[in-house]
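# What the coordinates show
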Amino acid sequence: MNAVFALSNVVIKELYRRKDFYVLFILTVLITLVMASASLFNDDKIVRYLKEICLLLIWISALAMALGTASRQIPAERENRTIFPLLAKPVTRWHVVLGKFLGCWLACGLALVVFYVFLGLVSASREHTWPVLNYFQAFWLQWIFLAVVIAIVLWGSIIFAAPSSNATICLVFVLGILIVGRYLNQIALQQSEPMRSIIYGIYFIIPHLEFFDVRDLVVHDRGLVGWGACVLVTLYGAAYTLFFLFATWLSFRRKALN
Amino acid sequence: MKLPAPSLILLLLLTICFSLATYLQPQTMKWGERAQADSMMKALLGDGRRIFANHFFVKADIYFHSGYYPSIFDQGHREESHSRHMVEGHDDHDEEEHEKAMDIGQPKDWIDRFGRQFYSSSHSHLDKPGQAREILPWLKLSAELDPQRVDTYTVAAYWLRSKLGKPAEAEDFLREGLRANPNSYEILYELGLLYYENHHDLVRSVNLWELALRRWNDQDKAGKKPLEISYNEITTRLAQVEEEQGNLRQALYYRELEKKASPIPDAVQKQIDELKQRLASKTVSQSLK
Amino acid sequence: MNGILEIKDLRVEYPSRGIGEPVKLALKGLNLSVREGEVFGFLGPNGAGKTTTMNVLLGFVNATSGAAYLFGVDVKEPIARQRIGYLPELTYYYKFLTAEELLRFYARIFGIPRGETERRIDNLLKLVELEHARKRPIKTYSKGMQQRVGLAQALINNPDLLILDEPTSGLDPIGRMKVREIIQRLKNEGKTIFFSSHELGEVETVCDRVGILYQGELKVEGRVSDLIQKYQTNLEQIFLQIIGYAQPVNS
């Protein structure tokens, strides 16, 4: 595991030495504060729209970071040829995949903590309450979501030639699931065979990433998700993450490096 | 040939740009609405902003339901007048219809059932005191994007004056709407309500409702098909106020108008008959005096 | 098996890139042995199969047939690479890391304890003359400095066998001289070195034995002095004769 932790450490260093995180965080802070400063009918207790905007920016930023960081990891190793001295050490390709995944995931997790602390401060300034458990659930589920996304992107980085095309395809895939994934069963019911079975099949196969999005519950104070459901959805996310990581390894194992 | 200094070339290019700008600026004013946009949103989005305005108006409705909202894929979902639902108290029948329209149905499979734990999947409204304030930012944004959408002003004003204790802000917003839509009978009616219910200024509210009625008639004559329900509301209010003031003849006049647009003309006719009786007895008592 | 590095009947075929194109035969039954403590120069023109051989030794490419062993362990096993150091040709190390961070990263892969890591980093940076730039990001390094930091990473685990792929390629004369000095010093320390190069003069001065590879086959192998005596000319002329660019001296 030394190799895995060493690799993940390098990825984390890369993230905080690049300017992406700082730019995204400053943008989030600025936009949220500008929205907060708007005078809305002389009412300074309105908070839900602020939480919604802040959470939307957090989701966009986290997705951008995950896609950007994960999509360039393995291609950059190959392009700069650092993969050669790396694999010339007692490091397997599975270690590389796992190390890159862990690095991206931990780096995104650290960034998420900063973002969620900011969200907490913004909402507390208006509501004067600290729904810590709600924020923790939202953070945790989003972090699991990012694990699945990072694993998908890592797999894409082995299949697609350019990091930009990989990031774009993965973005469309992830947004597609987030927007219509939940409704594919209803769309299937409106189709005739064989489309109905095909769409239903897709509905059951795709990772239902919308499970991890509890922004609605946080914004509208709808209370906590049951902890049992939280554990189940974490296992669901972990299973898909492992599936995509394993697929990444299978593709990477056969890939010629030169 | 020796080229002049690069700074001189830059200066020359800048002069050309400036001259062209002074010539083109008045021309572009004729090109469309965007060129004369008076707001940032209009300048950025042009007429496309109206789509966003509608989106934010719906967003206010979603907030009113605490995030619960049927999607376009949900079977039970039907178009309904968001503004009316957000504003008015419903009778049992309305509530039943509303529940039906908002129903997202039973879960269809285990993914559906499990997934419902992670989003707002039960129907509720912003009922607690002060909670309604949360819909206001989206209405404000909707009005910024599409000032010609009158629903936005009336809905926001309703909540501001009746649930949030902010009649001054409601009046300001309605007047802002009136400046953008000077012929809107809906805004005039809502403004009349504000004077009637919040300021208890009968004279001004009657004036405003009479003006609203005139605007309604103007639009009707112009073939713009104004809403009958609004006509009914205006005439009902006018009749009520006149009745309260003892102007029975005037009240009778408005009841007659109300009857034309009312969905329950028999009930209105009953009121007309009562008014006629009262008017007759009043005339008799006056003649006896 | 008495060599640190053993290659037996190694055959590597690359699949055809398009329909109708033939399979490319990169190595045709290569046999080679490198003994402990010697410096072995692996020579050959471009496309001879030198890099393919190294790629098989490092596990980047799978052999079609035959086998290769490092310290008696099949190269397919990652543990075979525990005691080797590898310097690839033209590598751009993680630009955002400093030299000492890069060495710390590689040391961590080998599980070297922290105190020992710091001691080794100091020694290696002294060896490759990069002490003054140890806290600078690698992106600010010249090509020669990058090659020397590459050499340092190859030595972080104190390897018994060093595999160097064109270690002086693309360097200026001073850079070449510095790398050559380091190799000489490592040789004096008793390290086994297996390296490929186009710089025949450098090979002649540094190597104990050489092998000349041409079209996937090992044409000549032996001690440098023996070859010079046998062919009655210098290594460059021998190389050119073998690849068919010059006439043999006795003819």
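In the block above lies the structure referred to throughout.
Residues numbered from 1 in each chain as written. Chains lettered and ligands numbered in written order. Predicted model: local features only at pLDDT ≥ 70, side-chain atom pairs only at ≥ 80, totals over all residues. Heavy atoms only, no water.

This paragraph deals with the overall build of chain B. Counting its regular elements, chain B contains 14 helices and zero strands. Reading the helices (α) and strands (β) of chain B from amino to carboxyl end gives α-α-α-α-α-α-α-α-α-α-α-α-α-α. Within chain B, buried positions represent 42% of all 289 residues. Taking the contacts inside chain B whose residues are at least 6 apart along the sequence as the reference set, 57% of them involve residues at least 24 apart. (Helix = DSSP H or I, 4+ residues; strand = E, 2+ residues; numbered from the N terminus. Buried < 20%, exposed > 50% of the residue type's maximum accessible area, 1.4 Å probe, protein only. Contact = heavy atoms within 4.5 Å.)

For the rest of this paragraph, the subject is the interface of chain C and chain A. Tallying the contact residues gives 26 residues for chain C and 26 residues for chain A. Counting the surface lost from both chain C and chain A, the interface buries some 2,500 Å², and carbon and sulfur atoms represent 64% of this. When residues of chain C are sorted by the area they lose upon contact with chain A, Phe60(C), Phe96(C) and Arg108(C) head the list and together hold 27% of the total. Between chain C and chain A we count seven residue pairs in polar contact (both at pLDDT 80 or more) in total. For the side of chain C that touches chain A, the elements supplying multiple residues, two or more each, are strand S6 (84-87) and helix H2 (99-109) of chain C. (Buried area = accessible area lost by both parts, 1.4 Å probe. Polar contact = N/O pair within 3.5 Å; in protein donor to acceptor, adjacent residues only side chain to side chain.)

For any two helices packed against each other, the geometry is given by the interaxial angle and the distance between the axes. Residue and element names in this part refer to chain A. Running from N to C, helix H2 (residues 20-37) and helix H3 (residues 48-79) point in directions that differ by 165°, and their axes come no closer than 10 Å. In terms of orientation, H2 and H3 fall into the roughly antiparallel class. Judged by the twist between their axes, the crossing of H2 over H3 is right-handed. Judged by residue contacts, Asp20, Phe21, Leu24, Thr28, Ile31, Thr32, Met35 and Ala36 of H2 engage Tyr49, Leu50, Ile53, Cys54, Leu57, Ser61, Ala64, Met65 and Arg72 from H3. Here the contact of H2 with H3 is built from residues that sort into 12 nonpolar, three polar and two charged. (Axes fitted to C-alpha atoms, helices over the stretch in contact; angles between N-to-C directions. Parallel < 35°, antiparallel > 145°, perpendicular 65-115°, else oblique. Left-handed = near helix turned anticlockwise from the far one by under 90°. Nonpolar A, V, L, I, M, F, W, Y, C, P; charged D, E, K, R; others polar.)

Here the focus is the interface of chain A and chain B. It is common to report an interface's size as the accessible area lost on association of the parts. In this assembly, 36 residues from chain A lie in contact with 35 residues from chain B. Summed over both partners, the interface of chain A with chain B buries about 3,300 Å², with 62% contributed by carbon and sulfur atoms. One can count two salt bridges joining chain A with chain B. The closest approach of N and O atoms between Arg133(B) and Asp43(A), which form a salt bridge, is 2.7 Å. Taken together, chain A and chain B are joined by 14 residue pairs in polar contact (both at pLDDT 80 or more). Tallied by class, residues from the side of chain A that touches chain B come to 22 nonpolar, six polar and eight charged. (Salt bridge = Lys/Arg side-chain N within 4 Å of Asp/Glu carboxyl O.)

Residue and element names in this part refer to chain B. What the rule picks out here adds up to 34 salt bridges over all chains. When the shortest N-O distance is used, the salt bridge between Arg50 and Asp146 registers 2.7 Å. With Arg50 in helix H3 (residues 49-64) and Asp146 in the loop between helix H7 (136-145) and helix H8 (150-162), this residue pair connects regions lying 96 residues apart in the sequence.

All names here are of chain C. The sheet built from six strands is open, its strands ordered S6-S7-S8-S3-S9-S10 with mixed pairing. The two strands at the open ends of the sheet, each matched to only one other strand, are S6 and strand S10 (217-223). Shown here is a sheet whose adjacent strand axes are inclined to one another by a mean of 15°, direction ignored. Note: strand S9 (residues 209-214) against S10, six bridges, orientation antiparallel. For Tyr214, the partnering residue across the bridge sits in S10 and is Glu217. Each of strand S3 (39-43), S9 and S10 touches helix H8 (residues 235-242); the most contacted strand, S9, lies at about 25° to it. (Pairing = 2+ DSSP bridges.)

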